[in-house]
Amino acid sequence: MDGQYFFELAFSGLTRGSIYALIALGYTMVYGILGLINFAHGEVYMISAFVGLTAAAICSLLGFSLWAVLLLTLLFAAAYGAAYGYTIEKVAYRPLRGANRLAPLISAIGMSIFLREYVILAQTADFVAFPSLLYNLVEVDFLSDYIGSGELILTLVSLTVLGGLFLFLRYTQTGRAMRAIEQDREMAMLLGVKVDQVISLTFVIGSALAAVGAVLISSHMGQINYNIGFLVGIKAFTAAVLGGIGSVAGAALGGLVLGLVEAFAAGYVSSDYEDVFAFGCLVLILIFRPAGILGQQQSEKV
Amino acid sequence: MLRLEGVKSGYGGIEALKGVDLVVRQGEIVALIGANGAGKSTTLKTISGLLQTREGRIVYQGEEIQNLPPEEIVKKGLIQVPEGRRIFPKFTVLENLEIGAYLRRDALGTQADLRYCLELFPILAERRQQKAGTLSGGEQQMLAIARALMARPKLLLLDEPSLGLAPLIIQQIFEIIKIINQERQMTIFLIEQNASLALKSANCAFVMENGHITLSGKAGDLAQSVEVKQAYLGI
Ligand SMILES: Nc1ncnc2c1ncn2[C@@H]1O[C@H](COP(=O)(O)OP(=O)(O)OP(=O)(O)O)[C@@H](O)[C@H]1O
Ligand SMILES: [Mg+2]
């Protein structure tokens, strides 16, 4: 075995995996708190990519430095994505709270279709080019055999955001309130937690993370269209289930595992097979550990 | 301090409270006793704002509080320890206590209350890093009470603190209830099925049947009354 090649694949897996993790968190946090799969999450990701495109174009025209363009694009896309997430929850899910479990699920699918069609009409159904915001920002010598400077920035940004989220959930009262609602919503109310507000915040954070992921991958891939949310959404959802849906650490771990499996499958077998390995891995986990790697067997939420 | 006047509430089509009147005076321990399904827990849920008050008024310190959202009621100092403890199992003991102080902004006072709680319940101090889900039933009840104390209640609402616990632990918990009532001048509204225990600890008591208050008075007098003796004390 070739060590050089192995590390290249490992870094490429880490890069993908950190993005899957970012997006998987949105699924898992919403699931944890509402017991709902937010099918519109992939669409928030897609719309944020379009917003990022506009923001990047404007910032470049204004003549900002490369770093400033990247940061402003991330911020702008995150803010916009957050606004979408907030609105989706308000419009599509909140009115159905307390209804039959199937109703919000259908609402989620409807929301997802609506957003895709909206982008096709308002933007275009074709692929559009996305500027590569990540390159030429830094010179890396020591790792350059294994990872490009763009991938390195991508991985560092997403790992930093992940780390920030963990600190938030662990050490702030609001983050704690989120985890408390997951465990016992009524009890959280009895301690003074404004549950609706915290649920909104969950959507806001999850969507902002997806938007960060969207800008990073889009600038890595170089093009976007209305359909990009679909496959990424499925992959991230797979990552969330793999790690144990509802578990934040699980989503991060699931994302990384999925990214590594794909990268090694693509590198040692064939890139045609990477999805086969990714979903095969999911099937195996579901057979042998149905609750996911870090998930706990849970009884139905009531 | 707290007065319910003709309060009606319930679940969907079920009317569980059919016009409840009761009074809790400042500084006292007031007990509410009654059989299973009488509506005791429903009374607390209605006070805490988890259930709509359909008719009647709930007056707390001269102010009508019926149908305020739960967090407003918590802000006013009415803190409930619900039936079945409801500690957060995935949190450590310490995290459970810290989330009890969710609405507080006075870091110093919160720290002081944390010390007070850990002194009051030394077992919790010992277990502070342990996951709350792994505590015994008695320890969980202590944690539930301590978590409520962290919110610095003016009126503590306790729903069946003795539920499912061994006599020795029950005794310990009731001693602590009396201590907080005296040391902290905290008013306590205590729901119990264990009527003899409740009547021993309380100043006054109300008896609930089928969504109505049927008897009320000084705890000592009620303990002597024929109806209560027959129905609840098994004498
Ligand atoms: N979530 C609910 N949905 C529908 N009905 C309920 C609900 N909770 C309680 N009830 C009904 O309301 C009535 C009063 O119940 P409540 O829980 O207040 O009784 P309780 O006096 O606390 O009894 P216990 O001593 O067993 O705790 C009962 O008839 C019960 O069946
Ligand atoms: Mg009850």
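My aim in this report is to walk through the structure given alongside it, one point at a time. It should be emphasised that the depicted structure is a prediction, and the values quoted were computed from it without experimental measurement. (Residues numbered from 1 in each chain as written. Chains lettered and ligands numbered in written order. Predicted model: local features only at pLDDT ≥ 70, side-chain atom pairs only at ≥ 80, totals over all residues. Heavy atoms only, no water.)

Moving on, we come to the site of ligand 1. Residues and elements named next belong to chain B. Close to ligand 1 lie 14 residues, the nearest being N36, K40, S41, T42 and E83. Measuring from a nitrogen atom of ligand 1, one finds a side-chain N or O atom of Y11 at 3.3 Å. For ligand 1, an oxygen atom lies 2.7 Å from a polar atom in the side chain of N36. Look at ligand 1: alone it shows 630 Å² of surface, and the protein chains cover 64% of it. Where the shell around ligand 1 is concerned, the elements lending two or more residues are β2 (14-24) and α1 (40-48). (Near = heavy atom within 4 Å. Polar contact = N/O pair within 3.5 Å; in protein donor to acceptor, adjacent residues only side chain to side chain. Areas by Shrake-Rupley, 256 points an atom, 1.4 Å probe, with all protein chains shown as cover. Helix = DSSP H or I, 4+ residues; strand = E, 2+ residues; numbered from the N terminus.)

Enumeration according to the criterion identifies 26 salt bridges over all chains in this entry. One salt bridge in this structure joins B:E98 and A:R176, with 2.7 Å as the shortest N-O distance. Here the residue B:E98 occupies a position in helix α3 (residues 93-100), and A:R176 occupies one in helix α6 (residues 173-183), the pair thus bridging two chains. The class for B:E98 is partly exposed, based on a relative accessible area of 27%. In this structure, the salt-bridge partner of A:E262 is A:K235, at a minimum N-O distance of 3.0 Å. Placement of the pair is A:E262 in helix α10 (residues 248-269) and A:K235 in helix α9 (residues 228-243), with a sequence separation of 27 residues. Like A:K235, A:E262 is buried. Each of A:R16, A:K235, A:E262, A:E274 and A:D275 takes part in one network of salt bridges that share partners. (Salt bridge = Lys/Arg side-chain N within 4 Å of Asp/Glu carboxyl O. Buried < 20%, exposed > 50% of the residue type's maximum accessible area, 1.4 Å probe, protein only.)

Let us now look at the interface of chain B and chain A. With 20 residues of chain B at the interface, the matching set in chain A holds 20 residues. Of the roughly 2,200 Å² buried between chain B and chain A on both sides combined, carbon and sulfur atoms contribute 59%. Taken together, the connections running from chain B to chain A amount to six salt bridges. With its nearest N and O atoms 4.0 Å apart, the salt bridge here joins B:E95 to A:R176. Linking chain B with chain A are six residue pairs in polar contact (both at pLDDT 80 or more). Among the secondary structure elements, those contributing two or more residues to the side of chain B that touches chain A are α2 (70-75) and α3 of chain B. With four residues, the top contributor of residues to the side of chain B that touches chain A is α3(B). In terms of residue class, the side of chain B that touches chain A is made up of 11 nonpolar, three polar and six charged. (Contact = heavy atoms within 4.5 Å. Buried area = accessible area lost by both parts, 1.4 Å probe. Nonpolar A, V, L, I, M, F, W, Y, C, P; charged D, E, K, R; others polar.)

Further remarks concern unusual backbone geometry. Unusually for a residue other than glycine, B:N67 sits at a positive phi of about 65°. Taking relative accessible area as the criterion, B:N67 reaches 37% and is therefore assigned partly exposed.

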